[in-house]
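Architecture at a glance
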Amino acid sequence: MGTMKAFTTPGVGRTEVIDKPIPTPGPDDVIVKTTAALICTSDVHTVAGALPVEAGRTLGHEAVGVVEAIGSNVTGFTEGQRVAVNAITPCWECRYCQTGYTSQCGGPLGGYQYTAQRDGNMAEYFVVPKARGNLAPIPDAITDAQAVYACDMLSTGFMGAEHCYLRLGDSVAIFAQGAVGLSATIGATLLGAARIFAVEAIPARQDLARAFGATDIIDFTQGDAVEQIRAATDGEGVDAAIEAFGFPQTWEACLRVTKAGGRVSNIGYHGENPNPLPVPLDAFGLGMADKSIHTGLCPGGNDRMQRIFALIGTGRFDPTLMTTHTFGFDDVEKAFELMRTKQDGVIKPLITF
C-alpha cells in the first residue's frame, strides 16, 4: 500500500497537505482515484471551527474520478470507469433512510460523512462507502468539470427550489447568488417559476443569475431588498423565498418577503452564527399566516446524481460558468485561501489532479 497527498486540517484555522496511506476498500466500498474537485464554503466553515473534527482530517466533499479498486460486495462498476459521488453518503438501511430522509442518515445531518465523520475526498484517492447506492457513473457526454457540480452545489440548489413547492408561474426570491444560490436559480427556472428575483450586489454574479434564468436582479446596496421586491410585486411579495447565504438578515428577509401562504426554503449554512434565528411575528402572521419553512441537506445517491447528469448532458445549463478559477492540486492551499477571503471575484475554484 502506497501513500497519497491529502488536503487536511491539523486544527482550527489551519490547513496543510500531508501524506496518508492510499485507502483499501471494504466489502461495500469503492476506491476512486481523483481527477477533479471543488472547494466549498462549507470547508471554510469547518476549518474556522464551525464543525468540530479531529486533527488531521481530510477536507472536501465535491470530487469525481475513476474507479481504482472495488469491494467484494460491489457490482455494476469497473476499474477505470469515470464516477462521481455526492457529498452525502447515506447507509440506505437505517430508519431515517428507509423513511426517505437519507441526508439525515442515523440522525440529524448524519448523511454528511466526508470530513464530518470520515476523511473527505480532497485527496489523490478516496473511499466511497455503500458504493452501490452512493456511486454514479459519469456519462461520456459530460466532462469531469461539469460532473463535479452534481456532487453538492446543483443537488443542494435544486433541493432549495424543490422545497419551495413551486407551481408553474409562481414567483420566488433567492437571497444570494453564490454557487448554491445560482444553482437554486437554475432549479427554479427548470421548475417553471415565472418570476425569479435574484438578490445579489456583485455584477458578475448578477450576470450569471440572468444567464441561469433570473428575471429580476435585486441589488441590496441600492435599498432594502424586501422593499424592492414588494414594490415590484405591487406590495404582495413572492410565493416562495430561498435562503442561500446563511445569515440572520437574509433568513428574516425570506420570511418578510413571502406572501401569506408562502414557502421559505433554507439551504444556507448557519453554523457560524451562535444566536437563534429570528422569526418576526408580524411577518409570520403571529404564527397563523399559513407560511411554511422547509430545511434540508444536499440529497445524495446514484439516482439523484444521474438525473442531474441528464440535465447537464442535454444542454439545459452549463454549471462550469460558475468556475472562476482553476488550480492544480499542488496549489490547493492557495485555492482554499482564495475561497476563504472571497477575493478576485471567486465563485468556485476547480482543483485538477
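Residues numbered from 1 in each chain as written. Predicted model: local features only at pLDDT ≥ 70, side-chain atom pairs only at ≥ 80, totals over all residues. Heavy atoms only, no water.

1. Describing the packing of aromatic side chains
Overall, the coordinates contain 5 aromatic pairs when judged by the stated rule. On the numbers, 4.6 Å between centres and 25° between planes, the contact of phenylalanine 329 with phenylalanine 353 is stacked. Of the two residues, phenylalanine 329 is situated in the loop between strand E15 (323-328) and helix H11 (332-341) and phenylalanine 353 in the segment after strand E16 (348-352); the sequence distance between them amounts to 24 residues. Overall, phenylalanine 329 belongs to the buried group, its relative accessible area being 8%. Owing to a relative accessible area of 33%, phenylalanine 353 belongs among the partly exposed residues under this scheme. (Phe/Tyr/Trp six-rings, centres within 6.5 Å; stacked < 30°, edge-to-face > 60°. Helix = DSSP H or I, 4+ residues; strand = E, 2+ residues; numbered from the N terminus. Buried < 20%, exposed > 50% of the residue type's maximum accessible area, 1.4 Å probe, protein only.)

2. A short note on the nonpolar core
By size, the foremost hydrophobic cluster in this structure holds 47 residues, and its most contacted members are Val64, Leu154, Val172, Ala188, Ile242, Phe309 and Met322. If you list the elements that add at least two residues to this core, you get strand E3 (30-38), helix H5 (153-162), strand E9 (171-175), helix H6 (179-190), strand E10 (195-199), helix H7 (203-211), strand E12 (238-243) and helix H10 (302-313). Among the elements that make up this core, the one with the highest residue count is H6 (6 residues). Excluding residues within four positions of it along the chain, leucine 154 makes contact with Tyr149, Ser183, Ile186, Ile308, Ile312, Phe317, Pro319 and Met322. Counting residues in each nonpolar core, the second largest holds 29 residues, with Val30, Phe327, Val332 and Ile351 among its members. (Core = buried A, V, L, I, M, F, W, Y, C linked by side-chain atoms within 4.5 Å. Contact = heavy atoms within 4.5 Å.)

3. So, the confidence of the model for the protein chain
Averaged over every residue, the pLDDT of the protein chain is 97; the share at 70 or more is 100%. When pLDDT is averaged over each element of the protein chain, E9 comes out on top at 99 and helix H1 (residues 41-47) at the bottom at 94. (pLDDT = per-residue confidence, 0-100.)

4. Overview of the layout of surface pockets
The computed volume of the second largest pocket comes to approximately 290 Å³. Lining of the second largest pocket is provided by 14 residues; of these, Gly100, Tyr101, Ser103, His163 and Leu297 occupy positions nearest its centre. Broken down by class, the residue content of the lining of the second largest pocket amounts to 4 nonpolar, 9 polar and 1 charged. (1 Å grid on protein atoms, 1.4 Å probe; cavity = no way out; pocket = protein on both sides within 12 Å on 5 of 7 lines; lining within 4 Å. Points joined across faces, edges and corners; volume = space filled by probe spheres on them. Nonpolar A, V, L, I, M, F, W, Y, C, P; charged D, E, K, R; others polar.)

5. Considering the sheet that holds E12
Read from one edge to the other, the open sheet built from 6 strands follows the order E11-E10-E9-E12-E13-E14, with strand pairing classed as parallel. Since the sheet does not close on itself, it has two edges, and those belong to strand E11 (216-218) and strand E14 (292-295), each with one partner. With strand direction ignored, the average angle separating the axes of adjacent strands in the sheet is 20°. When E9 meets E12, the two strands line up parallel, connected through 4 bridges. Directly across from valine 172, in E12, lies its bridge partner alanine 240. Across the sheet, helix H8 (residues 225-232) lies against E9, E10, E11, E12 and strand E13 (258-266), angled at about 160° from E10, the strand it touches most. (Pairing = 2+ DSSP bridges. Axes fitted to C-alpha atoms, helices over the stretch in contact; angles between N-to-C directions.)

6. Some details on the pattern of salt bridges
One pass over the full model with this rule turns up 19 salt bridges. The partner of glutamate 62 in a salt bridge is lysine 348, with the nearest N and O atoms 2.9 Å apart. Of this pair, glutamate 62 sits in the loop between strand E4 (57-58) and strand E5 (63-70) while lysine 348 sits in strand E16, placing them 286 residues apart in sequence. Overall, the relative accessible area of 0% leaves glutamate 62 in the buried class. Residue classification places lysine 348 among the buried residues on the basis of a relative accessible area of 1%. For arginine 82, the salt bridge goes to aspartate 144, with nearest N and O atoms at 2.8 Å. Here the residue arginine 82 occupies a position in strand E6 (residues 82-85), and aspartate 144 occupies one in helix H4 (residues 144-147), the gap between them amounting to 62 residues. Residue classification places arginine 82 among the partly exposed residues on the basis of a relative accessible area of 24%. Connected via shared salt-bridge partners are Asp28, Glu93 and Lys130. (Salt bridge = Lys/Arg side-chain N within 4 Å of Asp/Glu carboxyl O.)

7. Some remarks on unusual backbone geometry
Even without glycine at this site, threonine 115 takes up a positive phi of about 75°. Topologically, threonine 115 is positioned in the loop between helix H2 (95-98) and strand E7 (125-128). The exposure class of threonine 115 is buried, given its relative accessible area of 0%. Here leucine 286, not a glycine, exhibits a phi torsion of approximately 55°, which is positive. Among the secondary structure elements, leucine 286 is positioned in the loop between E13 and E14. A relative accessible area of 63% means that leucine 286 is categorised as exposed.

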